[in-house]
Amino acid sequence: QYIVAALKHNLEVITEKPMVIDGKQAQEVMEAERNSKGRVRVAHNYRYTPLHMGIKKLIMSGRLGKIVHAQMIYQLDTFHGSSYFARWNREREMSGGLTITKGCHHFDLLNWWLNDEPEEVFAYGARNYYGANSPHDPALLDGKEYDTAEKWERSPYRRRWNIEGVEAPKDDHLGAHEAAFTLPMTKQYPKKLGIYDKEINIEDTCSAVIRYKGGASATYSLNASSPWEGYVLGIHGTHGRLETIHYTAPSRCPFPAPTNETITFYSMFGEREIHDIRHVAGGHGGADDVLKYEMFVKPSQEATKLHVAAGSRDGALAVAIGEGIWRSVAENKPVKISDLLGESK
């Protein structure tokens, strides 16, 4: 509603991601933009990391040939993943679900890397870890009645990250508002939310296939309760393949995760190449500072060449894939992106 109101006043708009939480809202934003002198910029910051820009550069070099398939396996660890289910994100009507809240990052990257628009999505999904039927719920395991606070105290998700004598990781997702607005969590959420609550109604696991207008396809999976956090990516072209493994939280890995990042390129009929990616300090792998400079000062030559800036159409497509996934899970059928964005002929 704030985006639309700003556009009615012909203002320039910068919005967080996801831009909205469903296709209907996306339609309203794009319609308002068409009738406005203003424009919308979506802060898809994941585009701005050196790793992701490096992948885009390699694809644009043409060395992979025509892109025919991408595969992304994304996993949230037990620390970060569980936090979504103790917040507003856990309710579909508030967030659209994790395929939108979190998945919009990943779908926007795929769309940007492939330089294409999604056409159709089909998916399976479930709630395997959290909610009323969690296999980790202490009340179910012990056969006793526990309140929300006691369940959390006994939960393996808490105990994994709260070891006596060891400082627990800080959860900026649960604490950010306290730092920014001095509004305690008890005021934000008068009722304590637990990761085993019956109100949880979103998936924590999904597998999807996305078909693109240009003929390529992508497979995507999301798992919100994993021992380590990050993704495994592979992109196939007619002349080669690139792949990378990205650890978003090396300090929380239960093994020595590499701190450097690489892109591996395999020529279809040649040798393997390993491209080392420079490390940049700052939030979200160094992306945040670059994004802010590009938005508020001036675009860099590299960002312009790589078409890094994201607009309302990009925001809408990333959200539409996420909505298409959960609707496909619910309806057990493919979902057309054009139907969600009101563009069906």
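Placed above this text is the structure.
The text that follows walks through the structure, step by step, so that each part is easy to find. (Residues numbered from 1 in each chain as written. Predicted model: local features only at pLDDT ≥ 70, side-chain atom pairs only at ≥ 80, totals over all residues. Heavy atoms only, no water.)

Under the counting rule described, the total for this entry stands at 28 salt bridges. Put simply, Glu 153 and Arg 158 hold a salt bridge, and the shortest N to O gap is 3.7 Å. Judged by its relative accessible area of 40%, Glu 153 is partly exposed. Residue Arg 158 is classed as buried on the basis of its relative accessible area of 17%. Across the pair Glu 331 and Lys 333 runs a salt bridge whose closest N-O atoms are separated by 3.9 Å. (Salt bridge = Lys/Arg side-chain N within 4 Å of Asp/Glu carboxyl O. Buried < 20%, exposed > 50% of the residue type's maximum accessible area, 1.4 Å probe, protein only.)

Let's shift gears to the sheet that holds strand E11 (residues 310–311). Here three strands make up an open sheet; going across it, the order is E1-E2-E11 and the pairing mixed. Taken across any chain shown, the strands that pair with only one partner, and hence form the sheet edges, are strand E1 (13–15) and E11. Direction of pairing for strand E2 (residues 40–42) relative to E11: antiparallel, over a ladder of two bridges. Directly across from Val 42, in E11, lies its bridge partner Ala 310. (Pairing = 2+ DSSP bridges. Helix = DSSP H or I, 4+ residues; strand = E, 2+ residues; numbered from the N terminus.)

With that out of the way, let us pick up the packing of helix H3 (residues 50–60) against helix H7 (residues 103–114). Two numbers describe how H3 lies on H7: the axes approach to 9 Å, and their chain directions differ by 25°. Between H3 and H7, the angle falls in the class roughly parallel. On the side of H3, the interface is formed by His 52, Met 53, Ile 55, Lys 56 and Ile 59, while H7 contributes Leu 109, Trp 112 and Trp 113. (Axes fitted to C-alpha atoms, helices over the stretch in contact; angles between N-to-C directions. Parallel < 35°, antiparallel > 145°, perpendicular 65-115°, else oblique. Contact = heavy atoms within 4.5 Å.)

In this section: the sheet that holds strand E8 (residues 240–247). In space, the nine strands of this open sheet follow the order E10-E9-E8-E7-E3-E6-E5-E4-E12, with mixed pairing throughout. Looking at strand neighbours, the two that pair on one side only are strand E10 (272–277) and strand E12 (335–336), the edges of this open sheet. For strand E5 (residues 205–212) and strand E6 (residues 217–226), the ladder comprises seven bridges, and the chain directions are antiparallel. The residue bridging Thr 205 from the neighbouring strand is Asn 223, located in E6. Strands strand E3 (67–77), strand E7 (230–237), E8, strand E9 (261–267) and E10 of the sheet are contacted by H3, whose axis makes an angle of about 15° with E9. Here helix H15 (residues 312–331) sits on the sheet in contact with strand E4 (118–126), E5, E6 and E12, set at roughly 45° to E4.

By themselves these figures say nothing about function.
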